[in-house]
Amino acid sequence: MEPRFDLMTNDLGAKIAKRVYNVAMLIEKSPLPKATQDLVMLRASQINGCGFCVDYHTKDAAVAGESAVRLHLVAAWRESTVFTDAERAALALAEEGTRLADAHHGVSDETWAQVRKHYDDDQIAALVSLVAMINATNRLNVIVRLPGGSYQPGQFAGMAT
């Protein structure tokens, strides 16, 4: 697969990418557990078919110490025993927030109640923002056909302001 367009070599695209990255860094520094962030980004990226983001978030999570078993089971988290109740609530929110067009009611009250049970307001702000941002990033990358496989952990560190 050949990329259609390189956002990073376009002045406007690079400015937008830098701002998206800085929002991601703000969320990363939030009180939402980093492991939860990694799992949510990976699951949304799997649903959206974003090869680059699946590659990126799998590798970053592994470098951060996430186990291979948990990374392999993210796609089947409902049928797995390796995730906490809080992580399961976050993964449900990620799925429902990603599949808005598939569910006419959006995020269910049941999922929202589970999120409220396990996370405080700051963590919820980070989680909701994370789901929105990873979906936006997935869409950018899928539209321009940014392929997976070449990501190196830390390669975007220079983008931070």
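The rules we used
- Residues numbered from 1 in each chain as written.
- Predicted model: local features only at pLDDT ≥ 70, side-chain atom pairs only at ≥ 80, totals over all residues.
- Heavy atoms only, no water.
- Helix = DSSP H or I, 4+ residues; strand = E, 2+ residues; numbered from the N terminus.
- Rg over C-alpha atoms; globule rule 2.2 N^0.38 Å.
- Buried < 20%, exposed > 50% of the residue type's maximum accessible area, 1.4 Å probe, protein only.
- Core = buried A, V, L, I, M, F, W, Y, C linked by side-chain atoms within 4.5 Å.
- Contact = heavy atoms within 4.5 Å.
- Salt bridge = Lys/Arg side-chain N within 4 Å of Asp/Glu carboxyl O.
- Expected span 1.5 Å × (residues − 1).
- Arc of directions from axis to C-beta.

A. Layout of the overall build of the protein chain. When you go through the protein chain residue by residue, the secondary structure sums to seven helices and zero strands. Across the protein chain, helices and strands are ordered from the amino to the carboxyl terminus as α-α-α-α-α-α-α. For 161 residues, the compact-globule formula gives about 15 Å, and the C-alpha radius of gyration of the protein chain, at 15 Å, lands near that figure. Overall, the protein chain is about 45 × 30 × 30 Å in size when its C-alpha atoms are taken along their principal axes. Counting only residues that meet the buried cut, the protein chain has 38% of its 161 residues in that class.

B. Inspection of the nonpolar core at higher detail. Among the nonpolar cores identified, the biggest contains 28 residues, and Val40, Val115, Tyr119, Leu127 and Phe156 are the most heavily contacted of them. For this core, the elements supplying multiple residues, two or more each, are helix H1 (11–28), helix H2 (34–48), helix H3 (51–63), helix H5 (85–98) and helix H7 (121–143). Counting residues per element, this core draws most heavily on H7, which supplies six residues. What valine 115 contacts, discounting residues up to four positions off in sequence, is Ala89, Leu93, Ile124 and Leu127. Of all hydrophobic cores here, the second largest spans nine residues; its members include Leu42, Leu71, Phe83 and Leu91.

C. Quick look at the pattern of salt bridges. Enumeration over the complete set of coordinates arrives at eight salt bridges. Its salt-bridge partner being lysine 59, residue aspartate 55 comes within 2.9 Å of it at the nearest N-O pair. With aspartate 55 and lysine 59 both in helix H3 and four residues apart, the pair spans about one turn of that helix. Look at lysine 59 and you get partly exposed, because its relative accessible area is 25%. One salt bridge connects glutamate 95 with arginine 78, and the closest N-O pair in it is separated by 2.5 Å. You can see glutamate 95 sitting in helix H5 and its partner arginine 78 sitting in the loop between helix H4 (68–73) and H5, a full 17 residues away along the chain. Residue classification places glutamate 95 among the buried positions, given a relative accessible area of 7%. With relative accessibility at 43%, the residue arginine 78 sits in the partly exposed group.

D. Spotlight on H1. For H1, with 18 residues, the first-to-last C-alpha span of 26 Å sits near the 26 Å given by 1.5 Å per residue. The complete set of buried residues in H1 reads Gly13, Ala17, Tyr21, Met25 and Ile27. Along H1, the residues classed as buried sweep out an arc of 155 degrees about the axis, all on the same side. Away from its buried face by more than 90 degrees, H1 exposes Asp11, Leu12, Lys15, Arg19 and Leu26.

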